[in-house]
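The residues making up each chain are set out below.
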Amino acid sequence: MQKQWLLLLLVMSCCYYNIVQLLGAQNASTGLIEVDVGIILDLNNIVGKMSRTCIYMALDDFYALHDQNHTTRIVLHAIDSKSDVVEAASAAIDLLKNFQVQAILGPQKSTQADFMIDIGKKTQVPIISQATSPTLSPSDNPYFIRGGQNGSSQVEPLAAMVKAFGWREVVLIYEDTNFGRGIGPYLTDSFLGIGTQVRSRIAMSVSATDDHILRELNKLKTLQTRVFVVHMLPSLASRFFLKVKEVGMMSKGYVWIITDVLTILLDSLDAKVINSMQGVLGVKPYVPNSNELQNFTQRWRKRFRRENPDIDRFELNVLGLWAYDSATALAMAVERSGVGRPKFKKPLSTNNSTDLAAIGYSEMGPGLLQAIKKTKFRGLSGEFHLVDGQLQQSTFQIVNVIGKGETEIGSWAREYGMSKNKRLPFNKNDTNDKQDLEAIIWPGRLHVVPKGWEIPTGERKLRVGVPVKSGIDEFIKVERHPQTNAVIATGFCIAVFKEVMDHTLPFAVPYEFFPFETPDGEPAGDYNDLVYQIYLGKYDAVVGDVTILANRSNFVDFTLPFTESSIAMIVRIKDDGRKNAWIFMKPLKMNLWLTIVVFFVFTGFVVWVLEHRVNKEFRGPPSKQVGIIFWFSFSTLVFAHKEKLISNLSRFVVIVWVFVVMVLTSSYTASLTSMLTVHKLQPSVTDIRDLRKNGEYVGYHNGTFLKGLLKREEFNLPKSRNYSTFEQYDDALSRGSKNGGVAAIIHELPYVRLFLSNPKYCTKYTMVGPIYMTAGFGFVSLSLSLSLPLCAFPKGSPLVPDVSRAILNVTEGGKLTEIQRQWFGNEAKCAEQDGAKITSDSLDLESFKGLFLVAATSLISALIISLSTFLYDNRVILASDESSIWQKLIAMAKNFDEEEVNSYDASKKTNRANEVMVVPADCPQRPTRNNSQLAEWNFTDDDQGFSTTENSAPIHETIEIVETIEAKD
């Protein structure tokens, strides 16, 4: 009986165990479902210990706050990864195999997380880590949750800082691990976006010895660049900055910027290390202050000190807050996911499976993962909101290492830029300017902002290459001292360069001139070759009359130009303005001449049409009428027309036409007078294309880029000749292209003006152009460079902006004008140059379109009105149905040719007849008739002519009487 009871008890125990398994390890005392969660941290360092305390406190706070409202409870299982990648992976497998954890909090190192996320993917267990390396992507690893910010999010505030202080070059120093290498591409792209170059990248091994660190630092001291961005974990950074202090690189002129991980953990560094970092700048995530945070910080300090009594000084930071918020988010997700059976589903056969494969996968994992990603709340570190599986950080603090710790000097937000305001929201007027930060203590305990580059201590002077040329010494001339053989460079370009370097730059730059010449003193090449020496490293800068060209800018950087930028031609002056026999035709162009003739003829024709029937002066034989058309219209040119006009329409037409003639004659007279009286000097050539078309010879200065310009313009190079002096210019232009000289010389505008400023040449030659545009003269350089529009420097040289600003100061201050007067003197006054202008174009039809439009409108309008009136008066003929169209046309033509008695002449003749003639009483009286009753036209089919039927005496008797009277008058 006792055995039966024991057997029953055993069966019940097994059933109970199975039920517990099925219910997810439901707590017998509380009825809550227990969910196992693993913790993998480096518990041998202070960050791991801080995070562990924060995670436990997060769950305690969560379940204390939701004591009556939760159905699950997380059971934590913590394992120390011992700062080793293999140990971290082994710990993860142990937690999955022995505890069947449904999620893992940690690890914090990117190298450890890189191994574990693959394990989480295979087992469908979420891995919630604060690893910040950008190489770890939640998008590529769905079961990886970044419970912190992506390290790449800090590159924007770092770049904003560099831009605010105008640093053009930086050196990136990082530890040679996945964590260190991951941020490099993001930093480089961000700096390039603001025009700053990463001059060098130094990868420092985590196991590097102190001697190796010293060697690397001594190499960095030889660079011009003095801005260093350091991305390291505290273990390597501590040793590194101690050596930086030792070699004297934490002093005047240096800039050190550290990334967020090191800035966050400044509290964990030794006091000696902090002392070696005085003046360092850093960024770290912004944490909004709150009462909850202050309360938690006090409770955390008590618990942390109780759990870690051997640690004297350490403060809570954002890494611990991220761990707290991650644990809270996990507890919320577990509660929301409705866990029933948090167990693993194992493979059917495990005989040949590895330990990982034998574990199987979590059935709860997918649901828990989605619940975590959807969790949103306001945590201690700020808003907990996962986007693409990771927290979003848009605000950073900017700190300055001063004294025993850090001092906040400002903040940066993606929406507003930098600001002195240390609390959100920022002022929308804030910008990325250094004035938006509090005062900064720089290395060396200085308040002056470092310029970001220096000429390395103990280095040779700046090697400045200068061109060797002959002929035109005003711009640059290179000689050697007869006794010491020292190089003596003079000229306008050298004077500007010395003014900038010696008197305008706010710092000293020692330099030395090196002629670009062969051993026998001849030029070693053209200007392109000279500029290319910078790229080859032979010179640090080039000074001279170096033109800024696109192909040269591929190898060097130029300063701002200080001269005008264009190319012009020097040509001979010709004076043939008043020696042309046909000069009287030049005031008007041919199209205007033809238009005037057409309008003269058309005006005469219209006036004839209007006056032909009513004015005797416009009647007569056809030859006379044609003559009167031309005579009348052309006589208006000199206002010599004597014919009286009877028709009001013709008077209107003539008034308008006389106005047109007056405007045309005035314009013609003015233009011709100018041509005949003003002494016009014209260039012999006005277009460079005419030279090529006519096969003329063209000259250029020897050794310049102008030969290549002629080649691009498809000039026949055998038709080009090079010269070196102004005297050679004069001789070649005087002889001309057909006598061994040239028709024109092309050169840069400063040289052209210098040539024409000489009274000896300005009376014979003039300038045509500019015909091409260039960027002017500039300084160039490469390794250490200065760039004036007279000097070139190496690509990315930090001297370029400083020298360019100095050039502006020289230009605006009037010093450049003094230097020009010193080397070029006052410009010669040549009347020929003032008069050497291309003759203005002849008057064109375009200038008088409106005038001719008015004339044409009046002519056509008058013609239409006259025609309409004539057709109306002869409407009987047009309406006749008995005649053909041809008969009607003949009748209309004869009617148009008949003279029409107008009312003015009729009244005048009647008055004269009454005064002179007495009609006898026995003279028969004829009835009066109107014009329409003078004749009735009867068409006959015999001769297709016409006859009249008189109702009274013939009309010709009346006409004879009138004519007799007029004759007596």
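In this text, all values refer to a predicted model and were calculated from it rather than measured experimentally.

The subject of this paragraph is the nonpolar core. One finds M50, I74, F296, W300 and L330 to be the most contacted residues of the largest nonpolar core, which totals 56 residues. Sort the elements by how many residues they give to this core and helix α13 (residues 318-336) lands first, with 13 residues. The contacts of M50, once residues within four sequence positions are left out, are W300, F304, F314, E315, L316, N317, L319 and G320.

With respect to the helices and strands, the residue P234 is situated in helix α9 (residues 234-246). Separated by 27 residues in sequence, P234 and V261 place their C-alpha atoms 8.1 Å apart. Leaving out residues up to four positions away in the same chain, P234 has contacts with L262, L265 and L269.

Looking now at helix α15 (residues 365-373). Structural remark: α-helix, 3.6 residues per turn; residues separated by three or four positions point the same way. Along α15, the residues classified as buried are G365, L368, L369, A371 and I372. On an axial view of α15, the arc spanned by its buried residues comes to 165°, and they lie on one face. Buried residues along α15 sit against β3 (103-105), β4 (127-129), β5 (144-146), α13, β12 (361-362) and β14 (382-387).

Moving on to the pattern of salt bridges. Side-chain pairs of opposite charge can arise where the charged atoms are in close proximity. For the structure on display, the rule yields 23 salt bridges. Of the charged contacts in the structure, one is a salt bridge between R463 and D540, with a shortest N-O distance of 2.9 Å. Linking R463 in strand β19 (residues 462-467) with D540 in the loop between α17 (527-536) and β23 (541-543), this pair joins segments that are 77 residues apart in sequence. For the residue pair R463 and D540, the accessibility class agrees, reading buried in each case. We note a salt bridge from K764 to D730, for which the minimum N-O separation is 3.0 Å. Of this pair, K764 sits in the loop between α25 (759-762) and β30 (765-772) while D730 is found in helix α23 (residues 726-735), placing the two residues 34 residues apart along the sequence. Given the relative accessible area of 35%, K764 is considered partly exposed.

A few words on the packing of helix α2 (residues 46-65) against helix α12 (residues 291-307). Following both chains from N to C, one finds α2 and α12 inclined at 120°, their axes separated by 10 Å at the closest point. As the angle between them shows, α2 and α12 are arranged oblique. The handedness of the crossing between α2 and α12 is right-handed. Counting all contacts with α2, which are made through I46, K49, M50, T53, C54, Y56, M57, D60 and D61, the residues of α12 involved are F296, R299, W300, R303, F304 and E307. Residue composition of the contact of α2 with α12, grouped by class: 8 nonpolar, 1 polar and 6 charged.

The next subject is a nonpolar patch on the surface. A cluster of nonpolar side chains, contributed by Y532, Y535, L536 and F555, occupies part of the molecular surface with about 380 Å² of accessible area. One can find Y535 in helix α17.

The subject of this paragraph is the packing of aromatic side chains. Counting across every chain of the model gives 33 aromatic pairs. Here F726 and F755 contribute two aromatic rings whose centre-to-centre distance is 5.3 Å and whose plane-to-plane angle is 75°, an arrangement assigned as edge-to-face. Here the residue F726 occupies a position in helix α23, and F755 occupies one in helix α24 (residues 749-756), the gap between them amounting to 29 residues. In terms of burial, F726 and F755 fall into one category: buried. Grouped by ring-pair contacts, the aromatic residues F228, F240, F241, Y254 and W256 constitute a single cluster.

Our focus in this paragraph is the packing of helix α8 (residues 210-221) against α9. The interhelical angle for the contact between α8 and α9, taken along N-to-C directions, is 55°, at an axis separation of 10 Å. Put simply, α8 runs oblique to α9. Where α8 crosses over α9, the handedness of that crossing is right-handed. Across the interface between the two elements, D210, I213, L214 and L217 of α8 pack against R239, F240, K243, V244 and E246 of α9. Classifying every residue of the contact of α8 with α9 by side-chain character gives 5 nonpolar, no polar and 4 charged.

With that settled, the discussion passes to the environment of G741. Mapped onto the elements of the fold, G741 is located in the loop between α23 and β29 (744-748). With 13 residues separating them along the chain, G741 and Q728 place their C-alpha atoms 9.5 Å apart. Among residues more than four places away in sequence, those in contact with G741 are Y697, R721, Y723, A732, R735 and G736.

Let's shift gears to helix α26 (residues 799-812). Taking 1.5 Å per residue, 14 residues should reach 20 Å; α26 reaches 20 Å between its end C-alpha atoms and fits that length. A positive backbone phi angle near 85° is found at G814, which sits one or two residues after α26.

Counting buried positions along strand β10 (residues 281-285) yields 5 of 5 residues, so the element is predominantly enclosed. Taken together, the 2 bridges between strand β9 (residues 255-258) and β10 define a ladder with parallel strand orientation. Paired with I258 across the two strands is G282, which belongs to β10. Note that β10 and strand β16 (residues 395-402) share 5 bridges and pair antiparallel. The residue of β16 that forms the bridge with P285 is F396.

Quick look at the sheet that holds β10 now. Judged by pairing direction, the sheet is mixed, and its 8 strands sit side by side in the order β7-β6-β8-β9-β10-β16-β17-β18 without closing on themselves. In this open sheet, the two strands that pair with only one neighbour each are β7 (197-204) and β18 (417-419). On average, adjacent strands in this sheet sit at an angle of 25° to one another, irrespective of strand direction. The strands that α8 touches are β6 (169-175), β7 and β8 (227-231); relative to β7, the one it contacts most, it runs at about 170°.

Cis rather than trans, the peptide bond between G106 and P107 has omega equal to -5°. Note on placement: P107 falls in the loop between β3 and α4 (110-123). Its identity is not glycine, yet K82 carries a phi of approximately 55°, on the positive side. Secondary-structure assignment places K82 in the loop between β2 (72-80) and α3 (85-99). Notably, S83 is not glycine yet its phi reads approximately 60°, a positive angle. Its location among the elements puts S83 in the loop between β2 and α3.

Across the protein chain, pLDDT averages 79, with 79% of residues at or above 70. Per-residue pLDDT stays below 50 along residues 1-26; that stretch engages in 18 contacts with residues further than four places along the chain or on separate chains. Note on residues 835-839: pLDDT is under 50 here. Beyond four places in sequence and across chains, it has 10 contacts.

Cut-offs applied
Residues numbered from 1 in each chain as written. Predicted model: local features only at pLDDT ≥ 70, side-chain atom pairs only at ≥ 80, totals over all residues. Heavy atoms only, no water. Core = buried A, V, L, I, M, F, W, Y, C linked by side-chain atoms within 4.5 Å. Buried < 20%, exposed > 50% of the residue type's maximum accessible area, 1.4 Å probe, protein only. Helix = DSSP H or I, 4+ residues; strand = E, 2+ residues; numbered from the N terminus. Contact = heavy atoms within 4.5 Å. Arc of directions from axis to C-beta. Salt bridge = Lys/Arg side-chain N within 4 Å of Asp/Glu carboxyl O. Axes fitted to C-alpha atoms, helices over the stretch in contact; angles between N-to-C directions. Parallel < 35°, antiparallel > 145°, perpendicular 65-115°, else oblique. Left-handed = near helix turned anticlockwise from the far one by under 90°. Nonpolar A, V, L, I, M, F, W, Y, C, P; charged D, E, K, R; others polar. Patch = residues over 30% accessible without salt bridge, like charges linked within 9 Å, V, L, I, M, F, W, Y side chains within 5 Å. Areas by Shrake-Rupley, 256 points an atom, 1.4 Å probe, with all protein chains shown as cover. Phe/Tyr/Trp six-rings, centres within 6.5 Å; stacked < 30°, edge-to-face > 60°. Expected span 1.5 Å × (residues − 1). Pairing = 2+ DSSP bridges. pLDDT = per-residue confidence, 0-100.

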